[in-house]
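A look at the structure
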Amino acid sequence: MLGDTVFWVLAVAAVASGVMVFRFDSMPRATYALLLSLLCVGGLVIQLGLDYLGVVVILMMTIEMAIMAVFMVMFMMNPAGLMPMSMVHNAKGAAAVCAGVFAALAVGILLAPWPGRAGTMPDADPTKALGLALMGPQMLTMMTLGVTLFATIVSTVVLATRRGRYDRFGDDLRSRPADDPVRGGVGR
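Counting from 1, residues in each chain are numbered in the order their sequence is written. At least 70 in pLDDT is required for a residue's local features to be given in this predicted model, at least 80 for side-chain atom pairs to be given and counted, and no such filter applies to totals for whole chains, interfaces and linings, which use all residues. Just so you know, side-chain values use all the structure's heavy atoms and leave hydrogens and water out.

Another point: the overall build of the protein. Only DSSP runs of H or I with at least four residues qualify as helices, and only runs of E with at least two residues qualify as strands; both kinds are numbered from the N terminus onward. Assigned secondary structure in the protein consists of six helices and zero strands. In the protein, the succession of α and β elements from N to C terminus is α-α-α-α-α-α. Exposure classes here rest on a 1.4 Å probe applied to the protein chains alone. A residue is buried below 20% of its type maximum, exposed above 50%, and partly exposed in between. Across the 188 residues of the protein, 15% fall into the buried class. Contacts are assigned to residue pairs with any non-hydrogen atoms lying within 4.5 Å of each other. Across the protein, every contact between residues at least 6 apart in sequence was considered, and the portion connecting residues at least 24 apart equals 50%. The Shrake-Rupley method, run with a 1.4 Å probe sphere, supplies the accessible areas, and residue values consider only the shown protein chains as cover. For the protein, the exposed area adds up to about 14600 Å²; of that, 73% sits on carbon and sulfur atoms.

Here we come to a nonpolar patch on the surface. A grouping of Ile63, Ile67, Val70, Phe71, Met74 and Phe75 is seen on the molecular surface, where their side chains present a nonpolar patch of about 620 Å² in accessible area. Looking at the secondary structure, you find Phe75 in helix H3 (residues 51-75). Patches in this entry comprise residues that are over 30% relatively accessible and not in a salt bridge; like charges within 9 Å are linked, as are nonpolar side chains (Val, Leu, Ile, Met, Phe, Trp, Tyr) within 5 Å. The rule for a salt bridge is simple: a side-chain nitrogen of Lys or Arg has to be within 4 Å of a carboxyl oxygen of Asp or Glu.

The subject of this paragraph is the environment of Lys128. Structurally, Lys128 can be placed in helix H5 (residues 126-135). For the pair formed by Lys128 and Tyr52, sequence separation is 76 residues and the distance between their alpha carbons is 9.4 Å.

Relative to the helices and strands, Leu10 resides in helix H1 (residues 2-23). Separated by 34 residues in the primary sequence, Leu10 and Leu44 have C-alpha atoms spaced 6.7 Å apart. Dropping the residues within four chain positions of it, Leu10 is found in contact with Cys40, Gly43 and Leu44.

A separate point is the packing of aromatic side chains. When the centres of two rings from Phe, Tyr and Trp lie within 6.5 Å, Trp using its six-membered ring, the rings pair. Their planes under 30 degrees apart give stacked, over 60 give edge-to-face, and anything left gives tilted. For the structure on display, the rule yields one aromatic pair. Judged by centre distance (5.2 Å) and plane angle (85°), the rings of Phe7 and Trp8 are edge-to-face. Given the relative accessible area of 34%, Phe7 is considered partly exposed.

A few words on the packing of helix H2 (residues 27-47) against H3. The convention used is that axes are lines fitted to C-alpha atoms, helices contributing only their stretch in contact, and that angles between N-to-C directions extend from 0 to 180 degrees. Packing of H2 against H3 brings their axes to within 8 Å, and their N-to-C directions diverge by 175°. Taken together, H2 and H3 sit at an angle that is classed as roughly antiparallel. Of the residues in the contact of H2 with H3, the class split is 20 nonpolar, five polar and one charged. Any angle from 65 to 115 degrees is called roughly perpendicular, while one under 35 is roughly parallel, one over 145 is roughly antiparallel, and all others are oblique. Each residue receives one of three labels: charged for Asp, Glu, Lys and Arg, nonpolar for Ala, Val, Leu, Ile, Met, Phe, Trp, Tyr, Cys and Pro, and polar for the others, Gly being one of them.

What follows deals with the environment of Ala69. Secondary-structure assignment places Ala69 in helix H3. Judged by relative accessible area, which is 3%, Ala69 ranks as buried. Spatially, the C-alpha atoms of Ala69 and Ala30 are 9.0 Å apart, while their sequence positions differ by 39 residues. Non-local contacts of Ala69, meaning those with residues more than four positions away in its chain, are made with Thr31 and Tyr32.

Along the chain, the position of Thr31 falls in helix H2. If we skip the residues at most four places from it in the chain, Thr31 touches Met65, Met68, Ala69 and Met72.

Let us look at the confidence of the model for the protein. It should be kept in mind that the predicted coordinates are not to be read in detail where pLDDT is low. Scored from 0 to 100, pLDDT reflects the predictor's confidence in each residue. Chain-level pLDDT for the protein is 80 on average; 79% of the residues reach the 70-or-more range. Element-level mean pLDDT values for the protein span from 79 in H5 up to 93 in helix H4 (residues 91-111). Contacts from residues 183-188, a stretch scored under 50 in pLDDT, to residues over four places away or in other chains number eight contacts.

The topology assignment puts Ser17 in helix H1. What Ser17 contacts, discounting residues up to four positions off in sequence, is Ala33, Leu36 and Ser37.

For the rest of this paragraph, the subject is the packing of H1 against H2. Look at H1 against H2: their axes get within 8 Å of each other, and the N-to-C directions meet at 155°. Our classification of the angle between H1 and H2 gives roughly antiparallel. The way H1 lies across H2 gives a crossing that is left-handed. Residues Gly3, Val6, Phe7, Leu10, Ala11, Ala13, Ala14, Ser17, Gly18, Met20 and Val21 of H1 pack against Ala30, Ala33, Leu34, Leu36, Ser37, Cys40, Val41, Gly43, Leu44 and Gln47 of H2. Whether a crossing is left-handed or right-handed is set by the direction in which the near helix is turned from the far one by less than a right angle, anticlockwise for left-handed and clockwise for right-handed.

Next comes the structure, spelled out in structure tokens:
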């Protein structure tokens, strides 16, 4: 009973916040509504027993949406991306396409000859089984690639900064006032 309640609460919240993405007139609000929708989807994936995948969805979407909101506030053409604006372009055409796709998918679900379960019982560890099904013998390669990409991102950020956090205070950290760069890139 509790599992069913959690499922329906998460499902309704995911759809409602997904709809709110198109109702808000501010990019940051729409971004956080999308984040809420994706967090609910991550919760549903966890409830399906795929804990690792659900946590990855939650972590990835949280970081992605937070970065997206910050960049929108920094770089939007209107002041900080907070001015009212429409999130929907060609509303009637988009609604027609969405209705058509929904109808086609619903008909496909109802008319598809769904196969019965064949073979053995499901694996005891569905996350491992999913990983092996997706990656096959390349699992170690993909894990290594993930760590390598992360190390590359961190190294790039470290190498891109010309000065460290405390360099402006001198070698003994006692330089007052701090030796901050001024216009033209020349320090005091």
